[in-house]
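# Summary of structural features
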Amino acid sequence: MKSRPRPRPLGLIWIAFTVSALLSRELCGGSRDPAEGPIGGAAATAAGRDRPCADAGVRDRRIPAKVGDWALVWGRWEAGGWADVLESPNRDANRIAQALLGDRVEVLGQRGDWMEVIELERSWRGWIQAAHLTYGSRRVRRTFATKPTVALATSPYLPIDGCGSLAPYGAQLPVADGSKTRLEVQLPDGRRLDVKRSQVALTDQPKSISFALANVNGLLRRPFQTGGNSPAAVDGVGLVYLILRASGHDGVPREPAALWGRATPVSSGAMEPGDILLLDTFGSQPPSPAILVTDRILLEASPASGVNFLPLDELTRSRLREVRRFSGTSSHAGWSRLGLAMRAAPSHERDLLLLFIVLTSQNAALAALLLVACHRGIGNSD
Amino acid sequence: MSRIARCQRLLLCLCLMLALARCGPSDEGEHRPRGLAWTSEQLEQLARTGTHDDANQLFRMGEVPTALRILERIQQQDPSGTAGDEARLTIATILMSQRRYTEAVPLLDQVVKNGAVAPDYAQELLVEAIVEGEIGERLGSAMAIAAAQLKRRGELQSPLLGERFAALLVKAAAAAKDQARVCTAGAQYLHEWPNTPRSDEVRWLTARAFDYLGRDADTGNLYAEIWFQTPESPWAKQAHERLRSGPRRSTGAHPMTSAERLAFAARLQKVGLHEEALDELQRAGSSGTPEDQVRALAMSVDSLLALRKNRECVQTAARLRSLAPGSTEAAAAGLLAIQALRRTNDLEAIREWTAWLARTFPDSATAVEARYSLATFLQNSDRRDEAIPLLVSVSQAQAQEIADNALWKLAWAYRLEGRNAEARAALERMLAEFPESGFRKAALYWLARFTELQDRTAAVKLYRTLLREYPQDYYGHEATRNLLALQEVAEWSDFGDQKREFPVIDPLDDPTRRPATDAYARAVSLAKIGLFSFAADELETLPDAERDPSLAFALADLRTRSGDTWSGVEILKHSFADFLVSGSRDTRVVPEDFWYIAYPYNYRSLIEDAVREAGLDSAQIEPALVAALIRMESRFLPSAVSPVGAVGLMQLMPGTAEELARKVTGASVTRAELFEPEINIRYGTRYLADRVTDFRGEWFPAICSYNAGVRPVRRWWEARRLDMPMDEFIESIPFEDTRRYVKQVLGDYRNYQWIYYQGHRGGQ
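Residues numbered from 1 in each chain as written. Chains lettered and ligands numbered in written order. Predicted model: local features only at pLDDT ≥ 70, side-chain atom pairs only at ≥ 80, totals over all residues. Heavy atoms only, no water.

On to the overall build of chain B. In terms of regular secondary structure, chain B is built from 41 helices and zero strands. A globule of 764 residues ought to have a C-alpha radius of gyration of about 27 Å, and chain B, at 30 Å, matches this closely. Dimensions of chain B, computed from C-alpha atoms along their principal axes, come out at roughly 95 × 80 × 65 Å. Across the 764 residues that make up chain B, the buried fraction comes to 55%. The contacts in chain B between residues at least 6 apart in sequence include a share of 59% that link residues at least 24 apart. Carbon and sulfur atoms make up 51% of the accessible area of chain B, which totals about 34200 Å². The average position of the 94 basic charges and that of the 106 acidic charges among the side chains of chain B differ by 2 Å. (Helix = DSSP H or I, 4+ residues; strand = E, 2+ residues; numbered from the N terminus. Rg over C-alpha atoms; globule rule 2.2 N^0.38 Å. Buried < 20%, exposed > 50% of the residue type's maximum accessible area, 1.4 Å probe, protein only. Contact = heavy atoms within 4.5 Å. Areas by Shrake-Rupley, 256 points an atom, 1.4 Å probe, with all protein chains shown as cover. Lys, Arg positive; Asp, Glu negative; His and termini not counted. Charge placed at Lys NZ, Arg CZ, Asp CG, Glu CD.)

Here is the structure:
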């Protein structure tokens, strides 16, 4: 049994928390310019050059993730903030999914440089390189565990600094601070990223798929790759998964049957933009999804063209197996994740979280509910 | 209003109505090829009720199982009548085109026995099936039939049949190992028909028979004839080896002069026999005049470069440079030396040769080409700052073939440097100054891509130009998708040139259409009963066959239907090149059969089965992709062999296939088996599917690796910028051949999709 550090007096922790929060605001404050509008890959890098590269120096050090605890996806910053999730701890293994920057995972085990993880909402499970995970500083963990989350919908990437660090389309990150027009989202490395409210969707109020589609051009001509769901590469299901995430849906399953199970069937005569068309592929292979963009244009990820549009013509109609629609509301509210996060947090941090919830909550009933949830978590964990 | 005015108004109204009737909305389905809309239910219905003509059309579309079902039904319903025999003949030719000779023989026996339909042709097919199928116990009877028919050749249904029986007699005797008969029949054949498509094989078989019987002089003469007169034939290399190794020498052959040797070496170079060419060049150089020596050295540089003997290539070019410094041969050799040096990455030597060419041949096309070669090397080595000024100077040269190349490279150099405005300007200049350039389609496409963010309208216009001018090309297909990104949907009528009229087609349905031409009448009758190869041979004897487009089209059609898809495409390339590039997809403009000839789909069911099998535990690939790959590799010719030894439809290397077979089935596969379409397609498809899996389901790198090998492609793939769009990756492939290959295969994949799968659920 692992020994846990003894909780420190709450008053001291609170003072430390306040000071650190002030310091972090000072260091990571909103002086950065957000990227304007949807941008392509080369443009993203160019825009990134305008951000001060010195920013990279204020990153937190990566703290190794621990087995049995929850951790954050640190991602491959320079490659676009994603990490491969593989079937087994081996570089050549099949890819199941790609974890995006800031994804929260539970670490189930470790073998060498690899960690077996499961996404907190059970979207996917597999092996990820330990170097792409961070335990996170206290402040970061607190923000990720307690704050509402927003989805980035700027494709393909939002530049973070002038050193080429990128936040990918579809990443879901907690809000550290906000105003009417802008938000500061928390990054796993301690920095914050300034984004426009119009470019994000709140995960507890997901928007329609059309919102994410409006900014999807940056993904065009990206390659098709099995198990891909990042702007670097997608497969058919991965594209839908990514667009749903960018629309603010959380807990989106990566596995196709579970994903289609979350959508309701629609008759082909009542199709609307944003609906998912499942198209027959040759032989007995699973159907390939495409997203209806307008009444005559679909978006797909195909092995022949990568991410691309295709016409809703006779050929496409002849392949149509069924139409499915995702509703605008998420079936997973932030509550369940928070409960999991609390359950997975070490005891000294739970005290801090409880205190934080009580002090920051404006609503007594909400605070009470949170407290109940947290206590249940502690009870289960212990 | 006066009466005249009223008449004018009435006339105007009529004209308007007519115009509206022409331009107004009409049933879109009518514009499209009728065969394209066949569903699996319709195919089932056709199998139950279809006619012989329907079967012929289905065979054309690659729907062989349904075609065979129709014909089987007809032949069973009519065991001894004409309709049944016609069906049996067609079934036999289909089976023979799939090398299923043993199954064809009983059907042909029945037709011969009934004797009512095309009796001489039926006998010819029977002998052919026995010989090609190597049915040992029937070879004696095959020889007897062939000999008897040859005797009465003046009475046969066609004068062409005599030659066929004569060739079959030689082949049957060879298969029966009756060497004496091969010698007599072979000598007779070569005496009467020395230059036919079959004479190369007959010459080889006869030479082997003479060799076996120890008749050295005759053997030597024939081997020498094969080697010196037909170095292009598949047996030439073997004949040369036997000529060199054996004691036989041609008694009648006179020694060659050095000029003759040079001419012969040029022929050898043309067919890729460079080692042998070098031998001849060495002899020509050592015994000839100083001019011959210079020419021999210049030609040697060419062969050494082809053999990738780069160091020797440069040394030989240097010898030539010192021997004849001001000669045109030295200039050409200098360019080849630069190419060899580019392979060895010797920048200093490239600079030195470029400077020498500039000094020795100032302002010449050669000097410009050398500068271009140096610039290309610099650009490929990421030294764009040095490459750009050189490319600018080359692009201002007069010679188009270099100037437009330079402009294309210049545009990309600017693009990679982030100088987009200059990149656009280079492409615009190319389009304005070189409207006939081979880079036109690429320039249109990339100008649109570079422009679409700034000027949507201009980009749409450029993409639409591509659709009109190059609808069947890779760039045309990409333009269609890029238009969708700009919210523009291309209609069926947007593809291709709607105004260019297709020549009137000869439907080969009336034997009296061309009076006084028996061959034409025979061709029509033979085509009707599915004997396409014979019909094509007849048509080819007509004096107008090449000049008359309607006959040329009918000939291409017959060749393709008979399984000679290679010739079908070649005829279209020769007589209908414009339609291949920009033909409309509207069947009122370009007939549907044109596309079936241009994009043949033989062995469709074998391909679909192989894709199903490979897809069970592998990546998603589609039959249309495999069809496009086969078209590119062999144009559906099962006997195709490449100079490097790749074999069959999908051009598999025997070693690779062997390795794959052991992995997949635990058994082995021989080179001979790879000529079997079923085996070749199965392993080729599996190999492609494995490459797709290697690259995590993506087709581009898999197609590249089919051409260039896995190792270099993995290197390019892993070194690419992660945000690089796929079309840019394809454009940046370092091997020019592979770049062209992947574009061709991807473009053809889309063509196979719209020709064969539009509205039809493949594999369902």
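So, next bit.
With that settled, the discussion passes to the overall build of chain A. A count of helices and strands for chain A gives ten helices and 22 strands. When the 382 residues of chain A are sorted by exposure, 59% land in the buried category. At a minimum sequence separation of 6, the contacts of chain A that also span at least 24 residues come to 64%. For chain A, the accessible area works out to roughly 15200 Å², and carbon and sulfur atoms hold 54% of it.

Between chain A and chain B, the residue contacts involve 39 residues of the former and 44 residues of the latter. Surface buried jointly by chain A and chain B totals about 3500 Å² across both partners, of which 50% is contributed by carbon and sulfur atoms. Together, Arg221, Phe282 and Pro303 of chain A form the three largest contributors to the area buried by chain A at its contact with chain B, with a combined 23%. Here chain A is connected to chain B by four salt bridges. The closest approach of N and O atoms between Asp727 of chain B and Arg221 of chain A, which form a salt bridge, is 3.5 Å. Run the count over chain A and chain B and you get nine residue pairs in polar contact (both at pLDDT 80 or more). At the level of elements, helix H2 (41-50), strand E2 (82-86), strand E20 (297-302), strand E21 (306-311) and helix H7 (314-318) of chain A are the ones that each hand at least two residues to the side of chain A that touches chain B. (Buried area = accessible area lost by both parts, 1.4 Å probe. Salt bridge = Lys/Arg side-chain N within 4 Å of Asp/Glu carboxyl O. Polar contact = N/O pair within 3.5 Å; in protein donor to acceptor, adjacent residues only side chain to side chain.)

Attention now goes to the packing of aromatic side chains. Residue and element names in this part refer to chain B. The tally for this structure, following the rule as stated, stands at 37 aromatic pairs over all chains. Note on Tyr601 and Tyr752: the rings are 5.6 Å apart at their centroids and 70° apart in plane angle, and the pair reads as edge-to-face. With Tyr601 in the loop between helix H33 (592-598) and helix H34 (604-615) and Tyr752 in helix H41 (residues 736-757), this pair connects stretches of sequence that are 151 residues apart. The exposure classification of Tyr601 matches that of Tyr752, with both residues buried. Cation over ring: Arg500 sits above Phe579, and NZ or CZ is 5.7 Å from the ring centre. (Phe/Tyr/Trp six-rings, centres within 6.5 Å; stacked < 30°, edge-to-face > 60°. Lys NZ or Arg CZ within 6 Å of the ring centre and 35° of its normal.)

Before going further, it helps to spend a moment on the pairing of strand E11 (residues 172-178) of chain A. All names here are of chain A. The buried count for E11 comes to five of seven residues, which makes it a mostly enclosed element. As judged from the three bridges shared by strand E8 (residues 149-152) and E11, these two strands associate in the antiparallel manner. Paired with Val150 across the two strands is Leu173, which belongs to E11. Pairing between E11 and strand E12 (residues 182-186): three bridges, direction antiparallel. Its bridge partner being in E12, Val175 is matched across the sheet by Val185. If you look at the hairpin formed by E11 and E12, you'll find three residues sitting between the two strands. (Pairing = 2+ DSSP bridges.)

This paragraph deals with the sheet that holds E21 of chain A. In space, the six strands of this open sheet follow the order E17-E22-E18-E19-E20-E21 (chain A), with antiparallel pairing throughout. The open sheet has two edge strands with one neighbour each: strand E17 (264-266) and E21 of chain A. Each neighbouring strand pair of the sheet contributes to a mean axis angle of 35°, computed without reference to strand direction. The pairing of E17 of chain A with strand E22 (residues 320-325) of chain A spans three bridges and is antiparallel. The residue of E22 of chain A that forms the bridge with Thr264 of chain A is Arg325 of chain A. Contacts between helix H5 (residues 236-246) of chain A and the sheet are confined to strand E18 (276-279), strand E19 (288-294), E20 and E21 of chain A, with E19 of chain A contributing the most and set at about 45° to the helix. Its contacts with the sheet place helix H27 (residues 474-485) of chain B against E20 and E21 of chain A, and it is angled at close to 85° to E21 of chain A. (Axes fitted to C-alpha atoms, helices over the stretch in contact; angles between N-to-C directions.)

This paragraph deals with the pattern of salt bridges. All names here are of chain B. What the rule picks out here adds up to 81 salt bridges over all chains. Put simply, Asp557 and Arg561 hold a salt bridge, and the shortest N to O gap is 3.2 Å. Taken as a pair, Asp557 and Arg561 lie in helix H30 (residues 549-561) at a separation of four residues, close to a single helical turn. Just as Asp557 is buried, Arg561 falls in that class too. Of the charged contacts, one joins Asp690 and Arg686 as a salt bridge, the two residues approaching to 3.2 Å between their closest N and O atoms. Placement of the pair is Asp690 and Arg686 together in helix H37 (residues 677-694), with a separation of four residues, close to one helical turn.

All right, on to the sheet that holds E11 of chain A then. All names here are of chain A. Here five strands make up an open sheet; going across it, the order is E13-E12-E11-E8-E14 and the pairing antiparallel. Every other strand in the sheet has two partners, leaving strand E13 (192-196) and strand E14 (200-202) as the edge strands with one partner each. Adjacent strand axes in the sheet meet at a mean angle of 45°, parallel and antiparallel pairs treated alike. Where helix H3 (residues 138-146) meets the sheet, it contacts E11, E12 and E13, and its direction lies at approximately 100° from that of E11.

The next subject is the pairing of E18 of chain A. Residues and elements named next belong to chain A. In E18, alternate side chains face the same way, and those of Ile276 and Leu278 on one face and Leu277 and Leu279 on the other are all buried. When E18 meets E22, the two strands line up antiparallel, connected through four bridges. Bridging across to E22, Ile276 finds its partner in Arg324.

Another aspect to go through is helix H21 (residues 365-380) of chain B. Residue and element names in this part refer to chain B. Under the 1.5 Å per step criterion, the end-to-end length of H21 is 22 Å for 16 residues, consistent within 8% with the ideal 22 Å. Summarising burial for H21: twelve of the 16 residues are buried, a large majority. Within H21 the residues assigned to the buried category are Thr366, Ala367, Val368, Ala370, Tyr372, Ser373, Leu374, Ala375, Thr376, Phe377, Leu378 and Gln379. Positive backbone phi, approximately 60°, marks Asp382, located one or two places after H21. (Expected span 1.5 Å × (residues − 1).)

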